[in-house]
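Structural description and commentary
If you want the building blocks of each chain, they are given just below.
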Amino acid sequence: MFEEELKTLRRLGFRYALLQALNFASVIASGLMMWKGLGLLTNTESPIVVVLSGSMEPAFYRGDLLFLTNPTSEPYRTGDITVYKIPGADIPIVHRVIETHEAVSKDRVSASPVSKQYLLTKGDNNYADDIELYQGLEWLERKHIVGKVRGFLPYVGYVTIAMNDFPQLKYALLGGLGLMALIQRE
Amino acid sequence: MARKKQANGSSTPDGTPGVVATNHPRIDIMAATNGIEREVIKVNNANLTELKNACDDAVKTLLSRKELFSTIHTHTDIRLGLGWAGVFVAFGTAFYGYKVEFEKSKPIVWAGVILYGILTVTQALYAYFVERDTVYVGKRKTLAKRIETERISVSSRTVPAKREDPPRYSLSVSYVRSANSGKSLLGRGKGTDQRGYNEFFDEEGALDQEVFDRWVAGVVENVMEEK
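Because the structure is a prediction, the values reported are computed rather than measured.

It is worth spelling out the overall build of chain A at this point. Along chain A, the regular secondary structure elements total 4 helices and 7 strands. The helix and strand sequence of chain A, counted from the amino end, reads α-α-β-β-β-β-β-β-β-α-α. Buried residues in chain A amount to 33% of all 186 residues. Long-range pairs, those at least 24 residues apart, make up 60% of the contacts in chain A between residues at least 6 apart in sequence. In the structure as shown, chain A presents an accessible area of about 11,300 Å², 62% of it carried by carbon and sulfur atoms.

So this is what it looks like as structure tokens:
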């Protein structure tokens with residue numbers, strides 16, 4: 001299967017091998033940079049997330065793709081759907097804000113009300129609020145919030161869920177893409 | 001294929017031809033290819049990109065033989081340099097963003113993304129404006145009356161098919177001859193020719209090296225002979 005490609009490789013030499021490897025590497029590099037760039041523009045470390053549980057039904061189902069932003073100048077309001085991460089737990093959680101409080105600070109110049117918000121969240125489909133998930137915290141602070149949901153795409157996230165549950169799929173996909181990039185020429 | 005040029009009004013009165021001065025060294029491209037075993041190159045007949053790439057590769061292989069030209073790798077090296085620099089910047093930035101917490105990492109990630117953008121845009125601009133269609137750049141030094149440097153640049157493009165016409169491979173050659181390491185210009189030439197891909201590839205997609213090499217050799221030698 002690779003005879004033709006190996007023959008071409010031997011014939012055209014070392015620089016050609018570097019060029020083909022560059023093709024592959026630059027596909028990955030541009031993907032990474034687009035992800036990081038999107039994160040910078042939306043001011044969140046993870047601008048696109050997948051819903052893993054059913055705690056926000058009927059708004060979001062497992063497998064939906066969510067688009068997040070993290071505006072620094074707007075305070076979060078009750079009703080916003082936020083994605084947050086508790087320090088110590090790896091998994092981001094998508095739930096709705098049901099209470100907000102602003103901290104009153106004596107030094108009005110330095111503390112902006114936006115950064116000192118305290119939030120309580122609850123999944124639409126859950127019976128109780130998220131206090132138990134906070135692992136000892138009484139309130140969520142802005143620094144725990146990854147972002148606010150701006151839009152979503154249904155079902156698309158199942159690809160990610162499948163790749164997490166079946167890692168062989170992930171390697172097979174990556175291997176296949178790599179192979180195609182190495183074999184083809186522009 | 002080698003033709004001798006008449007330098008001065010050459011015939012002497014009794015009919016014998018006068019002294020023929022060859023102004024520059026001959027190149028015999030086909031002679032350099034004799035006796036070399038070639039693997040059969042097979043491509044997908046229907047894919048124009050593969051056809052062009054196969055022809056380009058054949059041109060490079062033909063002209064880069066030791067006895068002919070030595071390849072100048074500038075275009076390739078710049079593309080490799082910019083490309084790999086961009087890749088390392090990208091991986092470095094991504095790794096840094098992974099290790100360091102988001103808010104703290106922002107300034108460096110911004111720097112990394114912008115740097116990557118600059119490298120990528122530079123690479124694209126270089127390929128579009130400077131490199132363009134160039135396929136092969138080579139030079140050779142010969143000793144005639146003095147050390148002469150000849151520089152040849154080959155570019156190619158595909159002329160798409162029209163109703164009755166097959167797609168064609170258009171080859172352009174530009175040639176400069178100079179002495180005293182580029183300070184005195186001795187001659188230059190340009191030439192272009194096109195042939196249908198069907199003249200070089202058969203139904204299986206195999207490239208007829210003989211025919212192709214002969215055609216390329218003809219175009220190049222033609223350009224090199226003109227003053």
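Further notes follow.
Moving on, we get to the packing of aromatic side chains. Centre-to-centre distance and the angle between the planes together describe a pair of aromatic rings. Inspection of every chain in the model, using the stated rule, returns 11 aromatic pairs over all chains. Judged by centre distance (5.9 Å) and plane angle (85°), the rings of Tyr84(A) and Tyr134(A) are edge-to-face. One end of the pair, Tyr84(A), is in strand β3 (residues 81-84); the other, Tyr134(A), is in the loop between β5 (117-122) and β6 (140-141), with 50 residues separating them in the sequence. Of the two residues, Tyr84(A) and Tyr134(A), neither departs from the other in class, the shared state being buried. On the basis of an interplanar angle of 65° and a centroid distance of 6.2 Å, the ring pair of Tyr169(B) and Trp215(B) is categorised as edge-to-face. Taken together, the residues span a long stretch of sequence, with Tyr169(B) in strand β4 (residues 168-179) and Trp215(B) in helix α5 (residues 209-225) at a distance of 46 residues. Residue classification places Trp215(B) among the buried positions, given a relative accessible area of 7%. Clustering of aromatic rings is evident, with ring pairs tying together Tyr169(B), Tyr197(B), Phe200(B), Phe201(B), Phe212(B) and Trp215(B). Over the aromatic face of Phe69(B) sits the side chain of Arg140(B), whose NZ or CZ is 6.0 Å from the ring centroid.

Moving on, we get to the pattern of salt bridges. One pass over the structure, following the stated rule, counts 16 salt bridges over all chains. A salt bridge links Asp77(B) to Arg15(A); the nearest nitrogen and oxygen atoms lie 2.8 Å apart. You can see Asp77(B) sitting in helix α3 (residues 74-99) and its partner Arg15(A) sitting in helix α2 (residues 14-42), one on each of two chains. Note that Glu103(B) and Lys106(B) form a salt bridge whose closest N and O atoms lie 3.4 Å from each other. One end of the pair, Glu103(B), and the other, Lys106(B), are both in helix α4 (residues 102-131), 3 residues apart, so they sit about a helical turn from each other. Salt bridges linked by common partners bring Glu74(A), Asp80(A) and Lys148(A) together as one network.

The next point concerns the UniProt feature "transmembrane region" (unreviewed entry) in chain B. All names here are of chain B. Following the UniProt record, the feature "transmembrane region" (unreviewed entry) maps to residues 78-96 and 108-130 here. Taken as a whole, residues 78-96 contains 100% helix and 0% strand, while its terminal C-alpha atoms sit 27 Å from one another. The span residues 108-130 is 100% helical and 0% strand by assignment, and the distance between its end C-alpha atoms comes to 32 Å.

Residue and element names in this part refer to chain A. Per the domain assignment, the segments of chain A are domain 1 (2-42 + 160-183) and domain 2 (48-155). Facing 6 residues of domain 1, the contacting portion of domain 2 comprises 9 residues. Across the domain 1/domain 2 interface, buried area totals approximately 500 Å², and carbon plus sulfur atoms make up 69% of it. Its largest share of buried area at the contact with domain 2, domain 1 owes to Trp35, Thr42 and Ile161, together 77% of the area lost on that side. Applying the counting rule to domain 1 against domain 2 returns 0 salt bridges.

We now examine the interface of chain A and chain B. Taken together, the contact pairs 28 residues of chain A with 29 residues of chain B. Across the chain A to chain B interface the summed buried area is about 2,600 Å²; carbon plus sulfur atoms make up 69%. Counting the contacts that link chain A with chain B gives 1 salt bridge. At the boundary of chain A with chain B, the tally comes to 4 residue pairs in polar contact (both at pLDDT 80 or more). Looking at the side of chain A that touches chain B, the elements with two or more residues in it are α1 (3-12) and α2 of chain A.

Residues and elements named next belong to chain A. For the bond running from glutamate 57 to proline 58, omega is 0°, close enough to zero to count as cis. Mapped onto the elements, proline 58 comes out in the loop between β1 (48-50) and β2 (65-69). Despite not being glycine, glutamine 135 shows a phi value in the positive range, around 50°. As for its placement among the helices and strands, glutamine 135 is situated in the loop between β5 and β6. Using a relative accessible area of 55% as the deciding quantity, one classes glutamine 135 as exposed. Even without being a glycine, tyrosine 155 presents a positive backbone phi close to 70°. Mapped onto the elements of the fold, tyrosine 155 is located in the loop between β7 (145-153) and α3 (158-165). On the accessibility criterion, tyrosine 155 (64% relative accessible area) is exposed.

How each quantity is defined
Residues numbered from 1 in each chain as written. Chains lettered and ligands numbered in written order. Predicted model: local features only at pLDDT ≥ 70, side-chain atom pairs only at ≥ 80, totals over all residues. Heavy atoms only, no water. Helix = DSSP H or I, 4+ residues; strand = E, 2+ residues; numbered from the N terminus. Buried < 20%, exposed > 50% of the residue type's maximum accessible area, 1.4 Å probe, protein only. Contact = heavy atoms within 4.5 Å. Areas by Shrake-Rupley, 256 points an atom, 1.4 Å probe, with all protein chains shown as cover. Phe/Tyr/Trp six-rings, centres within 6.5 Å; stacked < 30°, edge-to-face > 60°. Lys NZ or Arg CZ within 6 Å of the ring centre and 35° of its normal. Salt bridge = Lys/Arg side-chain N within 4 Å of Asp/Glu carboxyl O. UniProt positions renumbered as here; feature names shortened; annotations may be inferred. Domains from an automatic or database assignment. Buried area = accessible area lost by both parts, 1.4 Å probe. Polar contact = N/O pair within 3.5 Å; in protein donor to acceptor, adjacent residues only side chain to side chain.

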